[in-house]
Amino acid sequence: MSQDVENIKTSYPLFTDDEYKDNLARKRENYEERHPLEKIQEVFEWTTTEEYKEINFKRKALTINPSKACQPLGAVLCALGFEKTMPYVHGSQGCVAYFRSYFNRHFKEPISCVSDSMTEDAAVFGGQKNMYDGLENCKAMYKPDMIAVSTTCMAEVIGDDLNAFIGNARKEGHIPEDYPVPFAHTPSFAGSHTTGWDAMFEGIARYFTLKYMEGKEVGSNGKINIVPGFETYLGNFRVIQRMLKEMDVDYSFLSDPSEVLDTPADGEFRMYAGGTTQDEVKDAPNAIDTLFLQPWQSMKTRKLVKNTWQQPATDIKIPMGLEWTDEFLMKISELTGKPISASLEKERGRLVDMITDSHAWLHGKKFAIWGDADYVMGLTKFLLELGAEPTHILCNHANKRWQKALQAILDASPFGKNCEIYRGKDLWHMRSLVFTNKPDFMIGNSYGKFIQRDTLAKGKEFEVPLIRIGFPIFDRHHMHRDTTLGYEGAMQILRTLVNAVLERLDEETSIMGETDYNYDLVR
Ligand code: SF4
């Protein structure tokens, strides 16, 4: 045994021990029917070619390394943003284990979420009985003030009707008549985690306001509602609220999981912490307006805000980078009559100073990007402001109008001329793109590390380093605490990008006596 209780090894050093190397070699030899190494290398090389790229882009019935997650995952994040709310997923237990572990690996926090564990019988006869027991048990055991229900594929395939099931659960006395159980149907064979977030948010907003609009008056509470969308950077919840406070603007942040996803280690487990209150949601139609920080993923809720709350739901862009943060703050100022604070003007000036300091390193550097629609658009805009050149932009779940709007942004800048937008594609497509038209860097989530590994396997000169900005980020710690929005977020992104360029420079000039071209610290 190469390990014992006094010397426990994690997988990486463990698998380098002779005992494990021998085991793995025997397994390969006796059971794997592996192709010869030369053949594997030949196929690998072929997958890096233009010819393979063309075949890869004809692929229709298969997704490899998708740049998205499924709908209920988004619904769970949305529900976590409300005070004393338990996300409840009607469907299979395995799906919910996946949502919990996915968030747990990203946020390094325990994630509370229940499932009514539908199995074979429920798949045939429907899951109403599971829901009766599930709602009753969840309320009794975890004592939430609200249970927010979404669905997995299994419940959707058999056509379970949440409205009827929850209504019947009330009639049969499993939950009280007035106990809040908003719901959203979140079938994962359509849409993505962002669709699921929007659907759950709309479900909660609908539950508390649709039948209670009498006496509501737009602007009567003097507030601005902010809806974050599927947002995983905790710093973004904080920076938007800080900017509003500095402008003395009264606001309601509708869905704010920044407390429950960041509880302190002080000996007390908090199943619930912070979050938007039910009273805030009920009061939301009285606000001056509701602003969606990620408008391309908030279509369903925007309709409710316009049609039911009768608010303008003013169209804004994600406040990322310099110009779109300017626009966001000017819009807030226009809607509330509050001036932009001197502190924010100074912060803006500092960002401009940073851009000036770093532009020489970022000018002309080529970046491939993937992620959610609004994030990708905001990042593209900021790269163009920095004089950097986006080359491949990939978003799995966005519509044609999004593509057109993004194309117009690229066309308006000399740095956007050589960029292509890829909609509905995955990271195996991105792999082909970076092999056939190499950018300097990729910006995306942790799953891009497989692409970086493959490009390095072809040779150091083909390597495309990954800059981790996005979701999920499992293989680095605490990056979810960062900020990507506002001037503060632009500063953090700029720092990350320029230092990645300088790291790369050091790496390329580290051979003693050969590439250490001068005696300065910066080559
Ligand atoms: S895609 Fe469907 S089956 Fe898979 S985890 Fe999501 S809800 Fe469950």
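To start, this report covers the structure provided alongside it. Just so it is clear, the structure is predicted and the values come from calculations on it, not from any experiment.

## Concerning the overall build of the protein
- Secondary structure assignment for the protein yields 21 helices and eleven strands.
- Relative to the 2.2 N^0.38 estimate, which gives 24 Å for 523 residues, the radius of gyration of the protein is 25 Å and therefore close to what a compact globule would have.
- Across its three principal axes, the protein shows a C-alpha extent of roughly 75 × 65 × 50 Å.
- Looking at the protein as a whole, 52% of its 523 residues are labelled buried.
- For the protein, contacts bridging at least 24 residues in sequence account for 75% of all contacts bridging at least 6.
- Per element, the accessible surface of the protein, about 24600 Å² overall, is 52% carbon and sulfur.
- A distance of 3 Å separates the average location of the 61 positive side-chain charges in the protein from that of its 76 negative side-chain charges.

## Digging into helix H2 (residues 18-31)
- Taking 1.5 Å per residue as the helical rise, H2 with its 14 residues ought to reach 20 Å, and the 20 Å between its terminal C-alpha atoms agrees with that figure.
- One or two positions beyond H2, positive phi appears at glutamate 33, with a value near 45°.

## Quick notes on the nonpolar core
- Ranked by size, the top nonpolar core spans 62 residues in total, and within it Ile226, Ile240 and Phe328 carry the most contacts.
- For this core, the leading source of residues is helix H21 (residues 486-508), giving nine residues.
- Each residue touching isoleucine 226, except ones within four places of it in the same chain, is listed here: Ile240, Leu244, Ser252, Phe253, Leu254, Leu291, Leu293, Phe328 and Ile332.
- Core analysis: the next-biggest nonpolar cluster, separate from the first, contains 44 residues, Val89, Ala184, Met200 and Val305 among them.

## Topic: unusual backbone geometry
- Phenylalanine 471 connects to proline 472 through a cis peptide bond whose omega is -5°.
- Here proline 472 shows up in the loop between strand E11 (466-468) and H21.
- Even without a glycine there, the phi angle at serine 117 is positive, about 45°.
- The topology assignment puts serine 117 in the loop between strand E2 (114-115) and helix H7 (120-125).

## Concerning the pattern of salt bridges
- Enumeration over the complete set of coordinates arrives at 32 salt bridges.
- With a shortest N-O distance of 2.8 Å, arginine 242 and glutamate 488 are connected by a salt bridge. Of this pair, arginine 242 sits in helix H12 (residues 234-246) while glutamate 488 sits in helix H21; the two residues are 246 residues apart in sequence, bridging distant segments of the chain.
- Take glutamate 488: its relative accessible area is 23%, and that puts it in the partly exposed class.
- In this structure, the salt-bridge partner of aspartate 326 is arginine 348, at a minimum N-O distance of 2.7 Å. Here aspartate 326, found in helix H15 (residues 321-336), pairs with arginine 348, found in helix H16 (residues 342-362); they are 22 residues apart in sequence, far enough to count as distant.
- Note on arginine 348: relative accessible area 30%, which makes it partly exposed.
- By sharing partners, the salt bridges in this structure join Lys460, Glu463, Arg504, Glu507 and Glu508 into a single network.

## Observations regarding the sheet that holds strand E4 (residues 224-227)
- A sheet is described by the order of its strands in space; here three strands give the open sequence E5-E4-E6, paired in parallel fashion. Looking at strand neighbours, the two that pair on one side only are strand E5 (251-253) and strand E6 (289-292), the edges of this open sheet. Taking each pair of neighbouring strands and ignoring which way they run, the sheet shows an average axis angle of 20°.

## Observations regarding the packing of helix H8 (residues 128-142) against helix H10 (residues 162-171)
- Contact geometry for H8 and H10: axes closest at 10 Å, N-to-C directions at 50°. When the axis of H8 is compared with that of H10, the two are oblique. In this structure, H8 meets H10 at a crossing whose hand is right-handed. For the pair H8 and H10, the contacting residues are Gln128, Met131, Tyr132 and Leu135 in the first and Leu162, Ala164, Phe165, Ile166, Asn168 and Ala169 in the second.
- The class makeup of the residues in the contact of H8 with H10 is eight nonpolar, two polar and no charged.

## Re the site of the ligand
- Around the ligand lies a shell formed by Cys70, Pro72, Cys95, Tyr98, Thr152, Cys153 and Ser188.
- Of the residues that constitute the shell around the ligand, the class distribution is five nonpolar, two polar and no charged.

## Digging into helix H5 (residues 71-80)
- Along H5, ten of the ten residues are buried, which leaves the element largely enclosed by surrounding structure.
- Within H5 the residues assigned to the buried category are Gln71, Pro72, Leu73, Gly74, Ala75, Val76, Leu77, Cys78, Ala79 and Leu80.
- On its buried face, H5 is in contact with strand E1 (85-90), helix H6 (93-107), strand E3 (146-151) and helix H11 (193-209).

## Details of the pairing of E1
- Here E1 lies mainly inside the structure; six of its six residues are buried.
- Side-chain alternation along E1 places Thr85, Pro87 and Val89 on one buried face and Met86, Tyr88 and His90 on a second face that is also buried.
- Here E1 pairs with E3 via six bridges, running parallel. Across the sheet, residue methionine 86 finds its bridge partner in E3, namely isoleucine 147.
- Of the crossover connections in this fold, the one passing from E1 over H6 to the parallel E2 is right-handed.

About the criteria used
- Residue indices follow the written sequence of each chain, beginning from 1 at its first position.
- Local features in this predicted model are restricted to residues whose pLDDT is 70 or higher, and side-chain atom pairs enter the listing and the counts only when it is 80 or higher, whereas totals over whole chains, interfaces and linings include all residues.
- Values reported for side chains reflect all heavy atoms of the structure, with hydrogen atoms and water molecules removed beforehand.
- Here a strand is any run of E in DSSP of at least two residues, a helix any run of H or I of at least four, and the numbering for each starts at the N terminus.
- Using C-alpha atoms as the atom set, the radius of gyration is obtained and then compared with a globule rule of 2.2 Å times the number of residues to the power 0.38.
- Exposure is judged per residue with a 1.4 Å probe applied to protein chains only, and the accessible area is read against the type maximum: over 50% gives exposed, under 20% gives buried, and values in between give partly exposed.
- In this analysis, two residues are considered to be in contact whenever any of their non-hydrogen atoms come within 4.5 Å of each other.
- Here the open area of atoms and residues is found with the Shrake-Rupley method and a 1.4 Å probe, where only the protein chains shown may cover a residue.
- In this charge count, Lys and Arg are treated as positive and Asp and Glu as negative; neither His nor the chain ends contribute.
- Throughout, a charge is located at the NZ atom of Lys, the CZ atom of Arg, the CG atom of Asp or the CD atom of Glu.
- One less than the number of residues in a helix, times 1.5 Å, gives the span that helix is expected to have.
- Buried Ala, Val, Leu, Ile, Met, Phe, Trp, Tyr and Cys residues form a nonpolar core when they are joined through side-chain atoms within 4.5 Å.
- Any Lys or Arg side-chain nitrogen found within 4 Å of a carboxyl oxygen on Asp or Glu counts as a salt bridge.
- For two strands to be treated as a pair, DSSP must find at least two bridges joining them.
- Fitting a line to C-alpha atoms yields each axis, with helices limited to the stretch in contact; the angle taken between N-to-C directions then spans 0 to 180 degrees.
- Note on terminology: angles under 35 degrees are roughly parallel, angles over 145 are roughly antiparallel, angles of 65 to 115 are roughly perpendicular, and the others are oblique.
- Left-handed describes a crossing in which the near helix is turned anticlockwise from the far one by less than a right angle; the clockwise case is right-handed.
- Side-chain classes follow a simple rule in which Ala, Val, Leu, Ile, Met, Phe, Trp, Tyr, Cys and Pro form the nonpolar group, Asp, Glu, Lys and Arg form the charged group, and the remainder, Gly included, forms the polar group.
- What makes a residue near a molecule or strand is one non-hydrogen atom of that residue sitting within 4 Å of it.
- Handedness is read with the strands pointing away from the viewer; a crossover is right-handed when the path from the first strand over the helix to the second is clockwise.

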